[in-house]
Amino acid sequence: MNDVDKHSLEEMNRLIEEIERHNYLYYVKDSPQIPDAEYDRLLRNLEAIENAHPELVRDDSPTRRVGARADEGFNEVEHELPMLSLANAFDKDEVREFHERILRRLEVDQVEYVAEPKLDGLAISLLYENGKLTRGATRGDGRRGEDVTANARSIRSVPLRLRNAPSSSKIEIRGEVLMTRKGFARLNAQQDEAGAKRYVNPRNAAAGSLRQLDPAISAARPLEFFAYGLGLSEGFDLPATHAEVLDAIADLGLRANPERQMVSGFDGLISAYKRLLSLRPNLPYDIDGVVYKVNDLQLQQRMGFVSRAPRWALAHKFPAEEEITTVEAIDVQVGRTGAITPVARLSPVFVGGVTVSNATLHNHQEITRLDVRVGDSVVVRRAGDVIPEVVSVLHDRRPDTSVAYVFPVRCPVCNSDIVLDEGGVIARCSGGLFCIAQVRESIKHFASRRAMDIEGLGSKLVEQLVDNQLISNVADIYTLSAERLLTLDRMGEKSADNLIKSIQRSRSTTLPRFLFALGIPQIGETTAAALATHFGDLDAIMIADEDALVNVQDIGPIVAHNVVEFFAQQHNRDVIGGLIEAGINWPSIERVPADARFKDKTFVLTGSLSGMSRTEAREMLMTLGAKVTSSVSSKTDYVVAGSDPGSKLDKAERLGVQVIDEAEFNELIGGN
DNA sequence: GATCCTCGAGTTCT
DNA sequence: CTCGAGGATC
């Protein structure tokens, strides 16, 4: 070997070592020390040397993650130590039994466990011989699995070489391959673009990706690996506890789950379960439970196995996020704007921790996309706080007698024609004021918290009032008397009195709230506030023509037209007249001084503040001239993060928007 | 004419 | 919270 080659070889080995170190820092330590671009540069440098000296290329080089296509499918491999399954527990009592059985068998009064999330992916085994990855295999039936070495190599969080591995060793790492929720969403978007089939959930996507015959496809999929234990371990000193095993695995360069924790006793198990359950919605990947393992390996051995599951471990499952149920009926709802929304009435099913009996089907397109019919078996999903949705229809379970769903052409409430609006997606009842459903919904909107805030006048009561013809428009609310209210079912003196009081309170309001309450199409809280500040009083808005309206910030020709149209209708003018007569009043708009402290500053509030409600904070900011919006963008000046902030915080950090906490916020506004 | 930003509207259950 | 679309901007 000449000097040049020798130099290249040294440089190549140095680069491989450095890349492996950064992989370790990134995946295991979760603290990258160099930007991604710098990492890519290292990879490219390595590639350049390898291209110049093909004869020197090492097969464990990080550039060699993607191998050749397996045309013949996967070979079967036998696990030297079977990959066992875990016993499941679905409630506390089963966990208590598990714990008490362990205490009894081991004749101890307390026992320590490791608790970690049960990742919803697929189990694989990675075999490292003398530190090099030589085989990756799926779990299969536990005894035999499929050889997916080529695809396992393409996963970035699977090191091709262990760090500090004993020279003569055979170490089998076991863990879970999964796809993050973000990666899953991205993949499905790509599948859509390519006209390919969508995956149902991240687990299926991970399984499908790992089983691609072409490792190049597998490599392009966002797969991740988390180790949860050891299989075979020859030439490697086993520590005394499972927690130490996981730490040792991390030292070898693999990622163990960062949420693992040691707990003690039954109460410890349950608190770990609760902690992970609350963490669940915020984790980047799906988990379907918690795994408890006796920490002490000697004690594990004394516990032994039952059939194919260890007695020292238990999977405590969360309520499933997906369940199968049947569609009993498809109804349509009529919204305040006449929007016709189809709703699937479901046979009640416990999913994601609550009982779900309704799920929106959004619109006729969605019904066509799903091809859902009454009588169908459907998969319903509810993850975290997310609203339940019908994910898919099990078409092979469809009864022979089923008939295709026909979208109604007439409003089920008022029998008016249903028309598609411009986009062709939203169907609307053309009944307008003649549709009692639209009247009911617009009254509910008027009374709602963000509008006139009439406490006690909720959905049920509005329906009662309208159905009993005590009111037929929003002005009628102010003609109600306690005596009339008492004629309603389940209405006592106290409730009637309280309602009259809150109606009275609502007479004093603000112009933006009043405008919003009217329910003018396309006029929400923000636009209502813009109208109010621009024109100053109601009369000016009512007589404004389209040209005048488009001068308002964020109002264009379409919205302007809606506003003019609304005030042109005699009925609307009458109702507004009635409301003013009934004593609705608001303080005249205080012009925000041009030198206001936060003039032209945009704020977004997230999480809850301890000192004031979000609404209070918003109103305070607005009086100081600030604009308060609901979504973060590059134009946002400050994001105020209270406790338990939502996804807005992540976005703010990504966009580099200034984030301030409650203390800083108080300081900022305190200067006034 | 295309692209980005933001608002409005509708949604489930406790 | 998410989707669709109006409005602003280049």
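Here the structure is shown first, and the text comes after it.
In this text the structure is predicted, and so the values were computed from the model without any measurement.

1. Some details on the overall build of chain A
Per the secondary structure count, chain A includes 24 helices and 24 strands. For chain A, buried positions account for 46% of its 672 residues. The contacts in chain A between residues at least 6 apart in sequence include a share of 66% that link residues at least 24 apart. Taken as a whole, chain A presents about 34,600 Å² of accessible surface, with 48% of it coming from carbon and sulfur.

2. With respect to unusual backbone geometry
Even without being glycine, Asn415 reaches a positive phi, approximately 70°. The phi dihedral of Gln522 is positive, around 75°, even though this residue is not glycine. Along the chain, the position of Gln522 falls in the loop between α16 (511-518) and α17 (525-535).

3. Considerations on the protein's contact with DNA strand B
Taken together, 25 residues lie near DNA strand B, and Thr337, Thr341, Ile387, Thr527 and Ser633 sit nearest. Considering DNA strand B, the proportion of its atoms within 4 Å of the protein that are sugar or phosphate atoms stands at 95%. Here a phosphate oxygen of DNA strand B and a backbone polar atom of Ser357 are 2.9 Å apart. Between DNA strand B and the protein, one listed contact pairs a phosphate oxygen with a backbone N or O atom of Thr526 at 3.3 Å.

4. Some words on the side chain of Arg382
With respect to the secondary-structure elements, Arg382 resides in the loop between β17 (377-381) and β18 (389-393). In this view, Arg382 contacts Glu321, Val351, Gly352, Val354, Val356 and Pro388; residues no more than four positions away in its chain are not counted.

5. Re the nonpolar core
Core analysis: the largest hydrophobic core is formed by 54 residues, its most contacted members being Ile454, Ile477 and Leu579. Of all the elements in the fold, those that place two or more residues in this core are α12 (436-447), α13 (459-467), α15 (493-506), α16, α17, α18 (538-543), α20 (557-568) and α21 (570-581). Ignoring anything within four residues of it in the chain, the contact list for Leu579 reads Phe446, Val474, Ala475, Tyr478, Phe514, Leu518 and Ile584. In this structure, Leu133, Leu162, Ile173 and Leu254 belong to the second largest nonpolar core, which totals 36 residues.

6. Focus on helix α3 (residues 92-106)
Between its first and last C-alpha atoms α3 spans 21 Å; for 15 residues at 1.5 Å apiece the expected length is 21 Å, and the two agree. Among the residues making up α3, those that are buried are Val95, Phe98, His99, Ile102, Leu103 and Leu106. The arc that holds every buried residue of α3, seen down its axis, measures 130°, which confines them to one face. On its buried face, α3 is in contact with β2 (88-89), β3 (112-119), α9 (265-279), β10 (287-294), α10 (297-303) and β13 (313-317). The opening residue of α3, the one whose side-chain oxygen lies 3.1 Å from the backbone nitrogen of Asp93, is Asp91. Immediately downstream of α3, the backbone of Glu107 shows phi near 55°, a positive value.

7. Thoughts on the packing of α3 against α9
The contact between α3 and α9 brings their axes to 10 Å, and the two run at 140°. When the interaxial angle is binned, α3 and α9 end up oblique. Relative to α9, α3 is oriented so that their crossing is right-handed. Residues Lys92, Val95, Arg96, Phe98 and His99 of α3 form the contact with α9, whose own contacting residues are Gly265, Phe266, Leu269 and Ile270. Within the contact of α3 with α9, the residues separate by chemical class into five nonpolar, two polar and two charged.

8. A word on a negative patch on the surface
A cluster of acidic residues, Asp91, Asp93, Glu94, Glu97 and Glu100, forms a negative patch at the surface. You can see Glu100 is positioned in helix α3. With a relative accessible area of 37%, Glu100 lands in the partly exposed category.

9. With respect to the side chain of Lys444
Looking at the element boundaries, Lys444 is found in helix α12. A relative accessible area of 17% means that Lys444 is categorised as buried. Side chain to side chain, Lys444 and Glu463 meet in a polar contact 2.8 Å long. In this view, Lys444 contacts Ser459, Val462 and Glu463; residues no more than four positions away in its chain are not counted.

10. Re the environment of Glu94
Positionally, Glu94 belongs in helix α3. Under the relative-accessibility criterion, Glu94 is labelled partly exposed at 31%. Along the primary structure Glu94 and His316 are separated by 222 residues, whereas in three dimensions their C-alpha atoms are 8.7 Å apart.

11. Considering a positive patch on the surface
Taken together, the side chains of Lys182, Arg186, Lys651 and Arg654 define a basic patch exposed on the protein surface. Every element with two or more residues in the positive patch is listed here: α5 (181-193) and α23 (647-655). Locating Arg654 in the fold gives a position in helix α23.

Basis of the calculations
- The residue numbers shown here count from 1 along each chain, following its written sequence.
- Chains carry letters from A onward and ligands carry numbers from 1 onward, assigned in written order.
- In keeping with the model being predicted, local features are shown solely for residues with a pLDDT of at least 70 and side-chain atom pairs are shown and tallied solely at 80 or more, while totals for entire chains, interfaces and linings include all residues.
- Processing note: side-chain calculations cover all non-hydrogen atoms of the structure and skip hydrogens and water entirely.
- Secondary structure elements follow DSSP: runs of H or I no shorter than four residues count as helices, runs of E no shorter than two count as strands, and numbering proceeds from the N terminus.
- In this scheme, a residue with accessible area under 20% of its type's maximum is buried, one over 50% is exposed, and one in between is partly exposed, where area comes from a 1.4 Å probe on protein chains only.
- A contact between two residues is defined here by any heavy atoms of the two lying within 4.5 Å.
- For accessible areas, the Shrake-Rupley method is used with a probe of radius 1.4 Å. Any residue's cover is judged against the shown protein chains and nothing else.
- Any residue with a heavy atom positioned within 4 Å of a molecule or strand is treated as near that molecule or strand.
- Think of a polar contact as two N or O atoms within 3.5 Å of one another; within protein, one of them needs to be a possible hydrogen donor and the other a possible acceptor, and neighboring residues in sequence only count if both atoms come from side chains.
- Take the buried residues of types Ala, Val, Leu, Ile, Met, Phe, Trp, Tyr and Cys, join any two whose side-chain atoms come within 4.5 Å, and each joined set is a nonpolar core.
- Working rule for helices: expected span equals 1.5 Å times residues minus one.
- Taking the helix axis as origin, the arc is that swept by the directions to the C-beta atoms.
- Every angle, taken between N-to-C directions, lies between 0 and 180 degrees, and every axis is a line fitted to C-alpha atoms, over only the stretch in contact when it is a helix.
- Any angle that falls under 35 degrees is termed roughly parallel, while one over 145 is termed roughly antiparallel, one within 65 to 115 roughly perpendicular, and all others oblique.
- With the far helix as reference, a near helix turned anticlockwise by less than a right angle produces a left-handed crossing, and one turned clockwise produces a right-handed crossing.
- For this classification, Asp, Glu, Lys and Arg are treated as charged, while Ala, Val, Leu, Ile, Met, Phe, Trp, Tyr, Cys and Pro are nonpolar and the rest, including Gly, are polar.
- Patches here are clusters of residues that have more than 30% relative accessible area and form no salt bridge, with a 9 Å joining cutoff for like charges and a 5 Å cutoff for nonpolar side chains (Val, Leu, Ile, Met, Phe, Trp, Tyr).
- The term salt bridge refers to a side-chain nitrogen of Lys or Arg lying within 4 Å of a carboxyl oxygen of Asp or Glu.
- For this count, His and the chain ends are skipped, Lys and Arg are scored as positive, and Asp and Glu as negative.
- Charge positions come from single atoms, namely NZ of Lys, CZ of Arg, CG of Asp or CD of Glu.

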